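Here is what each chain is made of, one letter per residue.
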Amino acid sequence: MCVILDASARDDVFGNRRTRAGEQFFRWLERPRARLVLGGKLTEELASSDSFAKWAETAIADGRIRSFNPTEVGAEAESLAANWHGSSNDQHVIALARVSRARILYAIDGDLCEDFKDSRLVSTPRGRVYPTGDSQNAARRRRQLLNQTNLCPNR
């Protein structure tokens, strides 16, 4: 199972004061079968955090990070930008989803979340957004989403 973490939510997971959603996500990332997808501009955005960079060193060695060729992700982002009809300015995140085929996104950026769920941009299967609310229902939905196995193929 693999996911994309947007820079907008990075500090929820790797900051000094994790949110409830961020803590649950971090615990999931520590599982042996969890995979965080990285590539292109998003890799740079996330790595600008010392705590993320430190975690990533170990995660790469453990195989919990799946990296994609930045040239391939960048080319897909440029292709998207040519005919962009999304709300966000995050073509690089949509491009990473398309190249990696990861279909779960943890982001706080509302426009990016809407774009990620848009079947014209992310399809087969459609992208899903990790719930960030504090309710019991949101926590249950997060667990269900992270336990799905059909939203990222093994490569």
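Reference entry: report on the structure contained in this document. (Residues numbered from 1 in each chain as written. Predicted model: local features only at pLDDT ≥ 70, side-chain atom pairs only at ≥ 80, totals over all residues. Heavy atoms only, no water.)

**Some remarks on the nonpolar core**
Consideration 1: Core analysis: the biggest nonpolar cluster contains 47 residues, and Ile4, Leu5, Leu36 and Trp55 have the highest contact counts within it.
Consideration 2: The element contributing the most residues to this core is helix α6 (residues 91-100), with 6 residues.
Consideration 3: Leaving out residues up to four positions away in the same chain, Trp55 has contacts with Phe14, Phe26, Leu29, Glu30, Leu36, Arg64 and Ile65. (Core = buried A, V, L, I, M, F, W, Y, C linked by side-chain atoms within 4.5 Å. Buried < 20%, exposed > 50% of the residue type's maximum accessible area, 1.4 Å probe, protein only. Helix = DSSP H or I, 4+ residues; strand = E, 2+ residues; numbered from the N terminus. Contact = heavy atoms within 4.5 Å.)

**Side note on the pairing of strand β1 (residues 2-5)**
Consideration 1: Here β1 shows a buried face lined by Cys2 and Ile4 and a second buried face lined by Val3 and Leu5.
Consideration 2: Bridging between β1 and strand β2 (residues 35-39) involves 2 bridges; their strand directions are parallel. Each bridged residue has a counterpart across the sheet, and for Cys2 the counterpart in β2 is Arg35. (Pairing = 2+ DSSP bridges.)

**Some thoughts on the packing of helix α2 (residues 20-29) against helix α8 (residues 136-146)**
Relative placement of two packed helices is described by the angle separating their axes and the distance separating the axes.
Consideration 1: It is the contact of α2 with α8, at a shortest axis distance of 11 Å, that shows an interaxial angle of 25°. On the basis of their axis angle, the class for α2 and α8 is roughly parallel. Every pair of crossing elements has a handedness; the one defined by α2 and α8 is right-handed. Across the interface between the two elements, Arg20, Ala21, Gln24 and Trp28 of α2 pack against Ala139, Arg142, Arg143 and Leu146 of α8.
Consideration 2: Across the contact of α2 with α8, the residue classes break down as 4 nonpolar, 1 polar and 3 charged. (Axes fitted to C-alpha atoms, helices over the stretch in contact; angles between N-to-C directions. Parallel < 35°, antiparallel > 145°, perpendicular 65-115°, else oblique. Left-handed = near helix turned anticlockwise from the far one by under 90°. Nonpolar A, V, L, I, M, F, W, Y, C, P; charged D, E, K, R; others polar.)

**Here's the deal with the pattern of salt bridges**
Consideration 1: What the rule picks out here adds up to 8 salt bridges.
Consideration 2: Note that Arg98 is salt-bridged to Glu76, the shortest N-O span being 3.0 Å. In this pair, Arg98 is assigned in helix α6 and Glu76 in helix α5 (residues 70-82), connecting sequence segments 22 residues apart.
Consideration 3: In this structure, Arg120 and Asp118 form a salt bridge, with 2.8 Å as the shortest nitrogen-oxygen distance.
Consideration 4: Residue class for Asp118 comes out buried when judged on its relative accessible area of 15%.
Consideration 5: Because the salt bridges share partners, they merge into one network encompassing Arg18, Glu23 and Arg27. (Salt bridge = Lys/Arg side-chain N within 4 Å of Asp/Glu carboxyl O.)

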